[in-house]
Amino acid sequence: MSSRPRGLALLALLALVPPAPASAFVCLRTQGDSGPCLRWVQGGAVLKSFLGVPPNVPLINGTLSWDQNAINAANDWNAVGIAFHLDPRVGGDFFDPCGPRGAGHVCHNTGPAGDNPIHFVDSACGGGFGDIVAATTNCFDAASGAMLNAPVFVNRNVDWNAYDGPIRVVNTRVVHDLRRVILHEFGHVLGLDHPDENDQAVVAIMNSRESSVDRLQADDVSGGFSLYPNAPAPSGTNTGCQLVADVATRAWWVLIVPPLLGVMRRRGSPNRRATRSRLP
Ligand SMILES: [Zn+2]
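Rules used in this analysis
Residues numbered from 1 in each chain as written. Predicted model: local features only at pLDDT ≥ 70, side-chain atom pairs only at ≥ 80, totals over all residues. Heavy atoms only, no water. Helix = DSSP H or I, 4+ residues; strand = E, 2+ residues; numbered from the N terminus. Buried < 20%, exposed > 50% of the residue type's maximum accessible area, 1.4 Å probe, protein only. Contact = heavy atoms within 4.5 Å. Areas by Shrake-Rupley, 256 points an atom, 1.4 Å probe, with all protein chains shown as cover. Pairing = 2+ DSSP bridges. Axes fitted to C-alpha atoms, helices over the stretch in contact; angles between N-to-C directions. Parallel < 35°, antiparallel > 145°, perpendicular 65-115°, else oblique. Left-handed = near helix turned anticlockwise from the far one by under 90°. Nonpolar A, V, L, I, M, F, W, Y, C, P; charged D, E, K, R; others polar. Polar contact = N/O pair within 3.5 Å; in protein donor to acceptor, adjacent residues only side chain to side chain. Disulfide = S-S within 2.5 Å. Salt bridge = Lys/Arg side-chain N within 4 Å of Asp/Glu carboxyl O.

A. Local environment of the overall build of the chain. Summing up its helical and strand segments, the chain has three helices and 13 strands in all. Put simply, the chain has 280 residues, and 53% of those count as buried. The long-range fraction of contacts in the chain, counting pairs at least 24 apart against all pairs at least 6 apart in sequence, stands at 71%. As presented, the chain carries roughly 11,400 Å² of accessible surface, and 56% of it is formed by carbon and sulfur atoms.

Pasting the structure below:
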């Protein structure tokens, strides 16, 4: 079994966003730019939220718990009509994903097969978050790409709330919107990767950095259908697991709020790279 973590870092985009290429979504693959896409072979997965309730409610968006935002994010994906159902639940038996592969850990740092907890943590199984706000580790069969589980780790040590619209900054500290971050992480749970880290320029929740994008975009929906086609796909939907060859420019990312530069994830940092662990 193999696993690969993906994280989401912060980006504050002041104004312009790039025009969307016809297709830009990218699937997670068993290896590099080749190999099968990671995908669940069954029609759904249970997601167990252990995020709980913050001290001060309601949150900005009116919700009364972190869990509710996880449920809402799952239902956003469910609403697009892909042939896969995220089944969000609150609590349940908790199995710590962290640990070496073996009893109770189908992959290194993932728990039992089919167990997909979403929880706040101080570190991603001992690895520092750096400027990553959340990460998902996909455990999969290295030959087929069949997903086995995908725990979601949420950085406890940044400021959280839940709201729509532009990224908020209070006293130079970013207040992260849990809803959009979880929406992004659930895209990894489904098997999607970051378009912007694969030379794509597209408006998508699946880009690697937080932005004012707070809901699924057309490209995210296309990516979902590429992995879980459910005929007929919406008009204009592009399907097919692919890496698109369009060359992206990063010119759109230059308008960054100066105080936020310090929390942007550094390109090439160890936490950014996908890592895999293989069976001997
Ligand atoms: Zn990500």
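That was the structure; now back to the text.
B. Local environment of the pairing of strand β12 (residues 173–177). For β12, a buried count of four out of five residues is recorded, marking the element as mostly surrounded by other parts of the structure. With three bridges joining them, strand β10 (residues 159–161) and β12 adopt parallel strand pairing. Counterpart to W160 in the pairing with β12 is H176. The sheet contact formed by strand β11 (residues 168–170) and β12 spans three bridges and is antiparallel. Bridging across to β12, V169 finds its partner in V174. Remark: two residues form the turn of the hairpin made by β11 and β12, two consecutive strands paired antiparallel; N171 in that turn has positive phi of roughly 50°.

C. Representation of the packing of helix α1 (residues 66–79) against helix α2 (residues 178–190) within the structure. Close contact between α1 and α2 brings their axes to 9 Å; oriented N to C, the two are set at 50°. Taken together, the axis directions place α1 and α2 in an arrangement best described as oblique. Judged by the sense of rotation from one axis to the other, the crossing of α1 with α2 is right-handed. Here α1 contributes W66, N69, A70, N72, A73, A74, D76 and W77 to the contact with α2, which in turn contributes L178, R179, I182, L183, F186, G187 and L190. Grouping the constituent residues of the contact of α1 with α2 by class yields ten nonpolar, three polar and two charged.

D. Looking closely at the sheet that holds β11. As summarised here, the arrangement of the three strands in space is β10-β12-β11, forming an open sheet in which the pairing is mixed. Here the strands that pair on one side only, and so sit at the sheet edges, are β10 and β11. The sheet shows a mean angle of 40° between the axes of neighbouring strands, taken without regard to direction. Packed on one face of the sheet, α2 meets β10 and β12 and runs near 60° to β12.

E. Region of interest: the environment of T137. Considering the arrangement of structural elements, one finds T137 in strand β7 (residues 132–140). By relative accessible area, which is 8% here, T137 ends up buried. Once the C-alpha coordinates of T137 and V189 are considered, the two residues, 52 residues apart in sequence, prove to be 8.1 Å apart.

F. A look at the environment of A204. Take A204: it is sitting in the loop between α2 and β13 (209–210). On a C-alpha basis, the gap between A204 and V221 in space is 9.2 Å, while along the polypeptide they are 17 residues apart. In this structure A204 touches P195, V213, Q217, D219 and D220, once residues within four positions along its chain are discounted.

G. Broad picture of the side chain of D115. The residue D115 is located in the loop between β5 (85–90) and β6 (117–121) in this model. Side-chain polar atoms of D115 contact the side chain of K48, separated by 2.7 Å. Among residues more than four places away in sequence, those in contact with D115 are K48, D93, F95, N149 and A150.

H. Seen up close, the state of the cysteines. Under the criterion given, the structure shown has three disulfides. In this model C27 forms its disulfide with C37; the gap between the sulfur atoms is 2.2 Å. Measuring the twist about the S-S bond at about -55°, one finds the C27-C37 disulfide to be left-handed. Of the two residues, C27 is situated in the loop between β1 (2–10) and β2 (29–31) and C37 in strand β3 (residues 34–37); the sequence distance between them amounts to ten residues. The pair formed by C27 and C37 is uniform in burial state, with each residue classed as buried.

I. How the structure looks around the pattern of salt bridges. Applying the stated criterion to the full structure yields eight salt bridges. For the salt bridge of D87 with R89, the shortest nitrogen-to-oxygen distance reads 2.7 Å. By relative accessible area, D87 is classed as partly exposed at 23%. Put simply, R173 and D159 hold a salt bridge, and the shortest N to O gap is 2.6 Å. Of this pair, R173 sits in strand β12 while D159 sits in strand β10, and the two are 14 residues apart along the sequence. Through salt bridges that share partners, D164, D214 and R215 make up one connected network.

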